[in-house]
Each structure stands twice: as C-alpha cells, then as structure tokens.
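So you can see what is in the structure, the chains are spelled out below.
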Amino acid sequence: MNRYKQAQSLMEKRNFIKIVCGAGNEDSDEVRRLTLVYTLAGAAAIDVSANPDIVRNAVKGIDAAFRIAPELDIIIEARPFINVSVGLKGDPHARKAQILEDMCIQCGKCAEVCEQNAISDDFIIITQRCIGCGICAEECSSDAIEFFHKRVELTTVLPDCIKEGAEMLELHAVTDDDVSVLNDWKILDVLIPENYISVCLDRSLLSDKQLVERIEKLYDITGERLIVQADGAPMSGGSDDYNTTLQAVAIADIVQKSKIPVKILASGGTNSKSQELATLCGVRVHGVSLGTHARKIVRSLINSEDFENNTELIKQAVLTARKLVLESRPEQM
Ligand code: SF4
Ligand code: SF4
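What comes next concerns the included structure. On a predicted model such as this, the values are computed, not experimentally measured, just so you know.

### Overview of the overall build of the chain
Here is step 1: In terms of helices and strands, the chain carries 12 helices and 10 strands.
Here is step 2: Whereas a compact globule of 333 residues would reach a radius of gyration of roughly 20 Å, the chain reaches 19 Å, a difference of no more than 12%.
Here is step 3: Its C-alpha atoms put the chain at 50 × 50 × 40 Å along the principal axes.
Here is step 4: A burial count over the chain gives 49% of its 333 residues as buried.
Here is step 5: Expressed as a percentage of contacts within the chain between residues at least 6 apart in sequence, the contacts between residues at least 24 apart total 76%.

Right, dumping it as structure tokens:
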C-alpha cells in the first residue's frame, strides 16, 4: 500500500492520531524524544516545525523507536508520517515571543506559566523552544511581552524538509487575508502532489460562513487530499477535561455540516476526552491532533538527561503516551 493509501485508511478508521511537537518548536532534543515516545505509542503522524534539522531529528526519533521496539516487546503498526507546519503572518503558531527589557520588572510570572521552559532565569526568551502560545503575555501585567512573526521561505525551506523525510505539509491560516492563504496553499499543493496537505483553521477571525467558503476554495485546488485541522482554541490543551476540548469538537462539527468531503482532524484544546466528546456529539472526526496535552504528560520523563539511553524511563513514557493514543481512537471507547 502506498503512503497516501495508508494515511487514507487510518483516517477512514478515524485512527489518525497526530502528535504536535509545535510549529515553532525548534528544540531538536525535545522533538526527537517526543517522536521516539509517540512512535512507540502508535501515533500516525508527528507534526514539526519547518526546519530541515528538526525534520532530521524527527526521523532519528522514529528510527530509534523501531530499533528499541523489540526490546520493549512492542510492534509498531505503521511508520508515522512527518508533517511540517508553516504559518501565515498573524497566526499564533508562526510567531515567537520577546521580552522588552525596559518594560520588564522581572516578576517571574511569565516563566512560571511557560510550559515550554522557554524563558531563562534572566528573562530572555529561548527562541528555539518558544511555540508562540501567548500564555506568558496573558500573565504579564507590565505589557513587556510582544511577538514577532517567523516567516519561512516556503519555496526554499520546504523542499529541504521534504528531502529530509517530511511527507505531509500543513498551513496555519489564522488570517482574514484570503489572497495570501491561497498563494501559500498553491505552493504547498505543488510540493506534495501525492499525499495529504492540511490547513489549520480557527474561528478567531472568520465567521462560520467564511470558514466554509475558505475550505471550499482550498478543496477546489486540492480535492480529496485536503485535511482540515479544525482548531478549537489554539494551543490550549493544558487541562484534561471536556470543556477544554469543547471548541475543537464545535469547529469540527461546522466542517462536517458543510458536507465538503475533506478529512477532519480535531485540534486546539484536544486531550484524552476529544474523541469521546466528538462521538457523543455525533461529530465524526478522522483523527485528533494532540499538542499541549500530549507534550505535558510525558515532559517530566523526556526531560531526564539520559532519557534516550534509559529503557525504564522510555517504557514509562510510552505507557503514558499509549494510553492517550488509545483514548483518542474511537474503537477503544
Ligand atoms: S511577567 Fe512580564 S514583567 Fe514579569 S518577568 Fe515576565 S516579562 Fe517581565
Ligand atoms: S509561554 Fe508560550 S509564547 Fe510565552 S515564551 Fe513560553 S512558549 Fe513562548
């Protein structure tokens, strides 16, 4: 079976569980370790930033998982797809925080809430780790945190990512600028002519009607190869409850009701309850993209210095990750 058919089959079984390392996450150690753990746990895809070095590290994580699997008595069902994400200006996934030194009173609140450990002891943003979630800025009462867009040159960087092993691409398109979306989309569509490409959309700037109209335009270009990643509340899956995942299911419902024959992944605030809530609400998602929550539940283990050489730690991380992957597949419920 070719790779497109493999992905299609996983989505038709609603088993396409994608682990999101973070479109802005350029911490190669974290990406490699997350990929190792979630490959062993049965993820269908790993989402990484548009950086050839990061793609290389994701490939290393997958290869390491296949090497260690027999020792852990695990059979990996399928090699995960590596999906590379890029974002348009304005999309939170494509931005980085920076602290304005002259405004900062060094209270430390931002560092306390940053899940990515991306703020140093002397209050400088560690850019490779920052995913642009904005949680730090919400905590800062001095307005000392601002954001800058990290533009990726699609026609030069993406071909390098594909050479390193990326098989799918994704455009984060939180903008009301339809022209820019279509321009970037056409580039992605040409680069991956034989596999799925996805668009990540939320409702922060688009009405429900505009959302559906945008999907129609993308479907006209890409047809059945289009995945819509329905982003409830971007990068908000910190808590593992029904309310946190409610918006992900709600936006997936809008896409489903449009009847455009695209594949739908729930994302943004997704957690172990997402598939269950979607099923209870009659929303048929083809998979779930898990970011903040998936990273959080294994972080303390993968951060250990000797993690990749410590079979016991890997085993513990895989047990935790496997539970989340299984809870995200409908046949397990
Ligand atoms: S929360 Fe704001 S003021 Fe406090 S340390 Fe962070 S940037 Fe500085
Ligand atoms: S809280 Fe989010 S936006 Fe702020 S530094 Fe950490 S990762 Fe970056």
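Now, onward.
### Looking at the site of ligand 1
Here is step 1: Among the 14 residues in the neighbourhood of ligand 1, the closest are listed as Cys 104, Cys 107, Cys 110, Cys 140 and Ala 144.
Here is step 2: By residue class, the composition of the shell around ligand 1 is 9 nonpolar, 3 polar and 2 charged.

### A look at helix α2 (residues 28–41)
An α-helix turns once per 3.6 residues; consequently, residues spaced three or four apart project the same way.
Here is step 1: Here α2 is 14 residues long and its end C-alpha atoms lie 20 Å apart, about the 20 Å a rise of 1.5 Å per residue gives.
Here is step 2: Glu 30, Val 31, Arg 32, Arg 33, Leu 34, Thr 35, Leu 36, Val 37, Tyr 38, Thr 39, Leu 40 and Ala 41 are the residues of α2 that are buried.
Here is step 3: Buried residues belonging to α2 abut β1 (16–20), β2 (45–49), α3 (52–68), α11 (292–302) and α12 (311–327).
Here is step 4: One or two positions beyond α2, positive phi appears at Gly 42, with a value near 100°.

### What about unusual backbone geometry?
The phi angle of most residues is negative, glycine excepted, and most peptide bonds adopt the trans form.
Here is step 1: Residue Phe 123 is not a glycine yet carries a positive backbone phi of 60°.
Here is step 2: Looking at the secondary structure, you find Phe 123 in the loop between α4 (109–113) and α5 (135–139).
Here is step 3: On the neighbour-count criterion, Phe 123 (17 C-beta atoms within 10 Å) is partly exposed.

### Structural notes on the sheet that holds strand β10 (residues 287–290)
Here is step 1: Strand order in this closed barrel of 8 strands is β1-β2-β3-β6-β7-β8-β9-β10, and the pairing throughout is parallel. Here the strands of the sheet are splayed against their neighbours by 25° on average, with no regard to which way each runs.
Here is step 2: Strand direction decides the pairing type here: strand β3 (residues 81–87) and strand β6 (residues 168–172), joined by 5 bridges, are parallel. Each bridged residue has a counterpart across the sheet, and for Val 84 the counterpart in β6 is Leu 169.

### Topic: the site of ligand 2
Here is step 1: Lining the immediate surroundings of ligand 2 are 13 residues, of which Cys 114, Gln 116, Cys 130, Cys 133 and Cys 136 lie closest.
Here is step 2: Looking at the shell around ligand 2, its residues break down into 10 nonpolar, 3 polar and no charged.

### Topic: the pairing of β6
Here is step 1: Along β6, 5 of the 5 residues are buried, which leaves the element largely enclosed by surrounding structure.
Here is step 2: Going residue by residue along β6, you find Met 168, Glu 170 and His 172 tucked away on one face and Leu 169 and Leu 171 tucked away on the opposite face as well.
Here is step 3: Across 4 bridges, β6 lies against strand β7 (residues 197–201) in parallel orientation. Bridge pairing in β7 links Glu 170 to Ser 198.
Here is step 4: Crossover β6 to β7 through helix α7 (residues 178–191) is right-handed.

### What about the packing of α2 against α12?
Packed helix pairs are characterised by how far apart their axes lie and by the angle those axes make with each other.
Here is step 1: Running from N to C, α2 and α12 point in directions that differ by 60°, and their axes come no closer than 8 Å. Taken together, the axes of α2 and α12 lie oblique to each other. α12 is crossed by α2, and the crossing has right-handed handedness. Here Val 37, Tyr 38, Leu 40 and Ala 41 of α2 come into contact with α12, specifically with Ala 317, Val 318, Ala 321, Arg 322 and Val 325.
Here is step 2: Grouping the constituent residues of the contact of α2 with α12 by class yields 8 nonpolar, no polar and 1 charged.

Reading the values: rules and limits
- Residues numbered from 1 in each chain as written.
- Chains lettered and ligands numbered in written order.
- Predicted model: local features only at pLDDT ≥ 70, side-chain atom pairs only at ≥ 80, totals over all residues.
- Helix = DSSP H or I, 4+ residues; strand = E, 2+ residues; numbered from the N terminus.
- Rg over C-alpha atoms; globule rule 2.2 N^0.38 Å.
- Buried ≥ 20, exposed ≤ 12 C-beta atoms within 10 Å, placed from the backbone.
- Contact = placed C-beta atoms within 7 Å.
- Near = placed C-beta within 6 Å.
- Nonpolar A, V, L, I, M, F, W, Y, C, P; charged D, E, K, R; others polar.
- Expected span 1.5 Å × (residues − 1).
- Pairing = 2+ DSSP bridges.
- Axes fitted to C-alpha atoms, helices over the stretch in contact; angles between N-to-C directions.
- Right-handed = clockwise from strand over helix to strand, strands pointing away.
- Parallel < 35°, antiparallel > 145°, perpendicular 65-115°, else oblique.
- Left-handed = near helix turned anticlockwise from the far one by under 90°.

The values reported here are purely geometric and, on their own, carry no functional implication.
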